[in-house]
Protein chains: 2
Amino acid sequence: MGESVRERLSASLTTASKADRVLANFMLSELSSLPFETAASLASKVNVSEPTVGRFCRTVGYKSFKDLKDHLKQDIGQKPWLVSDRLHDLRDRAKAGEDQLAAGLELEISALVAIYELARSEEWARVVRRLATTQRVYAAGFQTERGMAQILVNQLQYLRDGVQMLDLAGGNFAELLASDPKQSCLVIFEARRYSRLSFELTKTAKAAGIPVTLVTDPFCDWGRDLVDEMFVVPTEFNQFWESTAQMASLANLLVNGVFLELGPKVEARMESVTQLYSQFTGYVGKPVNRTS
Amino acid sequence: MGESVRERLSASLTTASKADRVLANFMLSELSSLPFETAASLASKVNVSEPTVGRFCRTVGYKSFKDLKDHLKQDIGQKPWLVSDRLHDLRDRAKAGEDQLAAGLELEISALVAIYELARSEEWARVVRRLATTQRVYAAGFQTERGMAQILVNQLQYLRDGVQMLDLAGGNFAELLASDPKQSCLVIFEARRYSRLSFELTKTAKAAGIPVTLVTDPFCDWGRDLVDEMFVVPTEFNQFWESTAQMASLANLLVNGVFLELGPKVEARMESVTQLYSQFTGYVGKPVNRTS
DNA sequence: CAATATTTGTAAGTTTTCTTACAAATAGTC
DNA sequence: GACTATTTGTAAGAAAACTTACAAATATTG
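This one's a predicted model, so the numbers in the text were calculated from it and none came from an experiment.

About the thresholds
- Residues numbered from 1 in each chain as written.
- Chains lettered and ligands numbered in written order.
- Predicted model: local features only at pLDDT ≥ 70, side-chain atom pairs only at ≥ 80, totals over all residues.
- Heavy atoms only, no water.
- Axes fitted to C-alpha atoms, helices over the stretch in contact; angles between N-to-C directions.
- Helix = DSSP H or I, 4+ residues; strand = E, 2+ residues; numbered from the N terminus.
- Parallel < 35°, antiparallel > 145°, perpendicular 65-115°, else oblique.
- Contact = heavy atoms within 4.5 Å.
- Nonpolar A, V, L, I, M, F, W, Y, C, P; charged D, E, K, R; others polar.
- Buried area = accessible area lost by both parts, 1.4 Å probe.
- Salt bridge = Lys/Arg side-chain N within 4 Å of Asp/Glu carboxyl O.
- Polar contact = N/O pair within 3.5 Å; in protein donor to acceptor, adjacent residues only side chain to side chain.
- Near = heavy atom within 4 Å.

**With respect to the packing of helix H2 (residues 18-29) of chain A against helix H4 (residues 50-59) of chain A**
Residue and element names in this part refer to chain A. Their axes nearest at 10 Å, the elements H2 and H4 cross at an angle of 80 degrees. Put simply, H2 runs roughly perpendicular to H4. Residue-level contacts link Ala19, Asp20, Leu23, Ala24 and Met27 of H2 to Thr52, Val53, Phe56, Cys57 and Thr59 of H4. Across the contact of H2 with H4, the residue classes tally to 7 nonpolar, 2 polar and 1 charged.

**Notes on the interface of chain A and chain B**
Each partner contributes to the interface: chain A provides 86 residues, whereas chain B provides 89 residues. Buried surface at the junction of chain A and chain B, both sides included, amounts to about 8000 Å², of which 63% is carbon and sulfur. Summed over the shared surface of chain A and chain B, the number is 2 salt bridges. Between Asp99 of chain A and Arg120 of chain B there is a salt bridge, with its nearest N and O atoms 2.5 Å apart. Our enumeration of links across chain A and chain B arrives at 31 residue pairs in polar contact (both at pLDDT 80 or more). The leading source of residues in the side of chain A that touches chain B is helix H7 (residues 102-118) of chain A, at 11 residues. The residue inventory of the side of chain A that touches chain B, partitioned by class, reads 43 nonpolar, 23 polar and 20 charged.

**Describing the protein's contact with DNA strand D**
What surrounds DNA strand D is a group of 20 residues, the closest being Ser17 and Ala19 of chain A together with Thr38, Ala39 and Glu50 of chain B. Per the 4 Å cut-off to the protein, sugar and phosphate atoms form 65% of the nearby atoms of DNA strand D. Ala19 of chain A places a main-chain nitrogen or oxygen 2.7 Å from a phosphate oxygen of DNA strand D. In this structure, a base nitrogen belonging to DNA strand D sits 2.9 Å away from a side-chain N or O atom of Arg55 of chain A. Listed by contribution, the elements that provide at least two residues to the surface near DNA strand D are H2 and H4 of chain A together with helix H4 (50-59) of chain B. Among the elements that make up the surface near DNA strand D, the one with the highest residue count is H4 of chain B (4 residues).

**Overview of the protein's contact with DNA strand C**
Neighbouring DNA strand C are 21 residues; Thr38, Ala39 and Glu50 of chain A together with Ser17 and Ala19 of chain B lie closest to it. Taking all atoms of DNA strand C within 4 Å of the protein, the share assigned to sugar and phosphate is 65%. Ala39 of chain A places a polar main-chain atom, nitrogen or oxygen, 2.6 Å from a phosphate oxygen of DNA strand C. Between DNA strand C and Lys66 of chain B there is a distance of 3.2 Å, counted from a phosphate oxygen to a side-chain nitrogen or oxygen. For the surface near DNA strand C, the secondary-structure elements that each account for two or more residues are helix H3 (39-46) and H4 of chain A together with helix H2 (18-29) and H4 of chain B. The greatest single-element share of the surface near DNA strand C, amounting to 4 residues, is contributed by H4 of chain A. Class assignment of the residues belonging to the surface near DNA strand C gives a composition of 6 nonpolar, 7 polar and 8 charged.

**Overview of the side chain of Ser12 of chain A**
All names here are of chain A. Here Ser12 is to be found in helix H1 (residues 5-15). Here Leu9 takes part through its backbone oxygen, which lies 2.7 Å from a polar atom of the side chain of Ser12. Excluding residues within four positions of it along the chain, Ser12 makes contact with Ala24, Phe56 and Val60.

Given below as C-alpha cells:
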C-alpha cells in the first residue's frame, strides 16, 4: 500500500459501512484540521463512538487514528495548510498580482470583523430583543438582497412563530402595513442600487410606528435618520460588483442572538419543526415520517 | 495577551533560558509540523526533557503543549485587515470566555480562507464555465439553504438569461428533470439535516445526465460520489447551530467568476435588467422610469 | 569562591487517548 | 419473519501524553 491518506479515504467510500462512510467523508472534507483532532473529538463530531474511529482507521490500513495523522504529515508535504500559512499564501499571490480574487479576501475578512463588532453594540442587543419578543416579525429584501431576507426568515422560523418574508407579490405590503404596529417589526436588507420599495416601505412603516432595522452597504444615504437601527456591512471586495455576502453572516449572528435570548424553550419548537419537515418532506437516511 | 503563537514564541526568544530558546527556535522553524508532535517527541528532537517542554509552553502563556497546538489551529497570524485595535478587544474577551461569539470570528475567517482556496481549484473553473455557458442554470436549496440558492439565482440573472430557482412548488422538478440534459445544469446548497429533496433531486438529475454541483457542510456523507463537484464549506462557528453564512460568499465568488468568463458582453444585459427594474419598480432618488 | 537563585532532568504520579472484549443493534438471507 | 452476519456502542483496561515533586546541575551575585 503506497497511496495517500486522501486516496485511501476516497477508496473506502465505495465499500465502507454507514458509520465508516460518514467518517471518511468528514475526514476528506476537513483534511487540514485533522491533525488537531483526536479520535474522541472526531467521534463526537460525526456522532459515532470512539472505537469506531479507531476501527475505521484500521480498515483503511492504519494502525490507529494517530497513525493516520502521522501519514497525513507525509502527504500534506509542503503545501501550506495551517490557516495562517494559507492566508499568507493567498495574500502573497494577491500581492504578486497572480490572483485578483485573493486581494478581496482581506477586505471580506475585515467586513466580518466589522459585523462581529456590530454584534456587540447596544443597537444590536435591542434588535435581537425585538426579534425575540415582537409578535410578528417581517423581513424584506429586493433584487439581489431578497435571498438575505429569506435566510433570516427561514432560520428565525425554526426558533419562533410569526416570522415571514415581505414581498410585493400581493401588490402592496398590507400584511405589515395594515397590522398592529405595536406587535410588528421589520428588517430590511438593502444595497445599491437602492430599490424604491425599500425606501417607500420604510417610510410607511415608520409613519405607522413600526420599528425598522436596516441592513445595508456603506453607500446608503437614505436610511440613517429614518430607521431605528442601521447596520452597515462593507461590500467592496475587489469583485466586479458589490458583494453583500457578509450580510448572511450578520443574519446568522442575529438568529444566534435570538436563540440565546429565547433560551431553552425554543427546543420544543425546533423539535416540532424538524418533525414536521420529516413528515412532509423527509431527511436523507430516514424514510418520510408518517407521524406513526 | 492576545498575540499569535508565532508572536509569543518570538517574544520569548529575548528573555528565555537556553533550553527554552532552543525550543522556541525549533518551534518557530517547524511551526507547521507542530501539530504532529507531542511534548515527548519534541523533547527528544531538541534534546531537552519532557517537562521542560511543558514548562516552556506555560511560560509563554499556554496551559500545556497541547494547549499551544490548539491555539495554532485557530491562529491566523498577522492581521493587516485590522484598522483599529478593536479586534484585540474582541479577542481578549474571547480568551476570557466572556464572549462566545468572538471565538467564532476566527473560525468564520478560516472558512473564508477555505472558500478562496476552493475558488482556485480545477473544479471551480469547471463549474464557472458551466454556469456561464449552459443554456439553463438551476439552483436549489431547501430549509435554511433556500436563501443561498436565491442569492445565486438573483445575481446570475443580472448576468445571463435562463437562470432560475428550483423548488417543489409544482410538486415535481419537471422544469429541470424533464428538460434537455445537455442544456441544463444544477447547483444545490445543502446542510444538515439533509433534505430528502436534495438527495432525490441529485440522484434523478445525475441519472438524466445533468451535471450537479453540491455546496454543502463537512458532515455531508451522501453527495461525494454522486455529484460532479462538491464544495465543502465549514459551518461550525461556535454558534448554537451550524451557520451556512459563508456559502453566500461562495455564491458571490461564483457569480464573479461567471462575470469574468462572460466578459464585456454582460454589460448590455445588466444595463437592460437595471432599466427594467427602474421601469417596473424604481430606484431611490429617481422616479419610476416610464421608458420615455 | 561560596552562597543563592535559576534552570533542567529523573522518576513517579495523573490525565487523556486509544484499544479490547463483549453485548446490543442493525442489516442481510433464506 | 426467524436466523445469521455484520456493524456499532458501552464499559473497562492498556498505553500514551502530560504534570508534579524533588533533586541535580548550572548560572548569578556579592
